[in-house]
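What the coordinates show
If you want the building blocks of each chain, they are given just below.
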Amino acid sequence: MRLCHQGFELYATGRLNVRVEDPEAFHAFGDQVAADTMAALPLLQRFEERFDGTRSVLPNRPDEAPVEAWLHRVRTAHFTP
């Protein structure tokens, strides 16, 4: 449930909020799905429709250069062979 909500927010807006508004609802849903995996099906179907009906603001391809540069800086600063 959390991944559907956060994934859709990222897909639709380009923003990712890590904190959820009602964490207890997410925990309760997890307990429900743990007891019966089919309980997740309506939520998954709803989000499939939302994703299909929404145009993403995300680019078609990631901008890998900044991530690669950051990774090299981290490795240089923290990795000693």
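For the structure given in this document, a descriptive report is provided here. These numbers come from a predicted model, not from an experiment. (Residues numbered from 1 in each chain as written. Predicted model: local features only at pLDDT ≥ 70, side-chain atom pairs only at ≥ 80, totals over all residues. Heavy atoms only, no water.)

1. Notes on the side chain of Glu-9
- With respect to the helices, strands and loops of the structure, Glu-9 is situated in helix H1 (residues 2-13).
- For the buried Glu-9, no salt bridge exists, and the shortest N-O distance to an oppositely charged side chain is 4.7 Å, to Arg-15. (Helix = DSSP H or I, 4+ residues; strand = E, 2+ residues; numbered from the N terminus. Buried < 20%, exposed > 50% of the residue type's maximum accessible area, 1.4 Å probe, protein only. Lys, Arg positive; Asp, Glu negative; His and termini not counted. Salt bridge = Lys/Arg side-chain N within 4 Å of Asp/Glu carboxyl O.)

2. Concerning the packing of aromatic side chains
- Applying the stated criterion to the full structure yields three aromatic pairs.
- A ring pair is formed by Phe-8 and Phe-51, whose centres lie 5.3 Å apart and whose planes are at 85 degrees; its orientation type is edge-to-face. Here Phe-8 is found in helix H1, whereas its partner Phe-51 is found in helix H3 (residues 41-52), with 43 residues between them in sequence.
- Between Tyr-11 and Phe-51, the ring centres sit 5.0 Å apart and the planes meet at 55 degrees, which makes this aromatic pair tilted. Linking Tyr-11 in helix H1 with Phe-51 in helix H3, this pair joins segments that are 40 residues apart in sequence.
- Among the aromatic residues, those joined into a ring-pair cluster are Phe-8, Tyr-11, Phe-47 and Phe-51. (Phe/Tyr/Trp six-rings, centres within 6.5 Å; stacked < 30°, edge-to-face > 60°.)

3. A short note on the packing of H1 against H3
- Remark: H1 packs on H3, axes separated minimally by 11 Å, with the N-to-C direction vectors making an angle of 0 degrees. Judged on the interaxial angle alone, H3 and H1 are roughly parallel. Along its contact with H1, which presents Cys-4, His-5, Gly-7, Phe-8 and Tyr-11, the element H3 presents Leu-43, Leu-44, Phe-47, Arg-50 and Phe-51.
- Looking at the contact of H1 with H3 residue by residue, the class counts come to seven nonpolar, two polar and one charged. (Axes fitted to C-alpha atoms, helices over the stretch in contact; angles between N-to-C directions. Parallel < 35°, antiparallel > 145°, perpendicular 65-115°, else oblique. Contact = heavy atoms within 4.5 Å. Nonpolar A, V, L, I, M, F, W, Y, C, P; charged D, E, K, R; others polar.)

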